[in-house]
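Structure assessment
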Amino acid sequence: QVQLVESGGGLVQAGGSLKLSCAASGRTFSSYAMGWFRQAPGKEREFVATINWSGGYTSYAVSVKGRFTISRDNAKNTVYLQMNSLKPEDTAVYYCAAHRVISSWSQDYDYWGQGTQVTVSS
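What counts and how
Residues numbered from 1 in each chain as written. Predicted model: local features only at pLDDT ≥ 70, side-chain atom pairs only at ≥ 80, totals over all residues. Heavy atoms only, no water. Core = buried A, V, L, I, M, F, W, Y, C linked by side-chain atoms within 4.5 Å. Buried < 20%, exposed > 50% of the residue type's maximum accessible area, 1.4 Å probe, protein only. Helix = DSSP H or I, 4+ residues; strand = E, 2+ residues; numbered from the N terminus. Contact = heavy atoms within 4.5 Å. Disulfide = S-S within 2.5 Å.

Topic: the nonpolar core
M34, W36, L81, M83 and Y94 are the most contacted members of the largest nonpolar core, which totals 33 residues. Every element with two or more residues in this core is listed here: β3 (18-24), β4 (33-39), β5 (46-51), β7 (68-73), β8 (78-83), β9 (92-99) and β11 (116-121). The element best represented in this core is β9, accounting for five residues. Not counting residues up to four positions away in its chain, the partners in contact with Y94 are E6, L20, W36, F37, R38, V48, F68, L81, M83, G115, T116 and V118.

Details of the state of the cysteines
On inspection of all chains with the given rule, the structure shows one disulfide. Sulfur-sulfur distance for the disulfide between C22 and C96 comes to 1.9 Å. Sign of the S-S torsion, about 50 degrees for the bond between C22 and C96, identifies this disulfide as right-handed. Here the residue C22 occupies a position in strand β3, and C96 occupies one in strand β9, the gap between them amounting to 74 residues. With relative accessibility at 0%, the residue C96 sits in the buried group.

Nothing here speaks to function; it is all geometry.
In C-alpha cells form, the structure reads like this:
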C-alpha cells in the first residue's frame, strides 16, 4: 500500500514557475515508477510525466517537454515536478500516482494522491 500526498500548487502568472512535490508513505517507494497527471475542468485526465524507480529514465507529454522536469529522491520518498515557463493552458489539478512499472497510461496506476491545484493567470 502506498499513500501519496501532493503539495506545492498555487496561483502563478504566465511565464512563472512552480515546483510540485509528492510525498509517499511506505518503505517500498523506491520500487515504484511514479507519474504526474493533470485534469482541467471539463477535460479528461492527461499524462504529464513519468519516472522509473531509479530516476534514470523519464518521459514527458509533448505539451510540457522542455518546460517541466520530473525527478525523485528515494531517500525522502518524494517525487517532484518542476514546472517552468507556465502557460494558462497548464491550469489543472495535478495528481501524482504510483505503479510498478513506468507508464503514460493513467489506467495502469495503482495509487493516486488527492491532487493539488495549479492556476496560471494570463
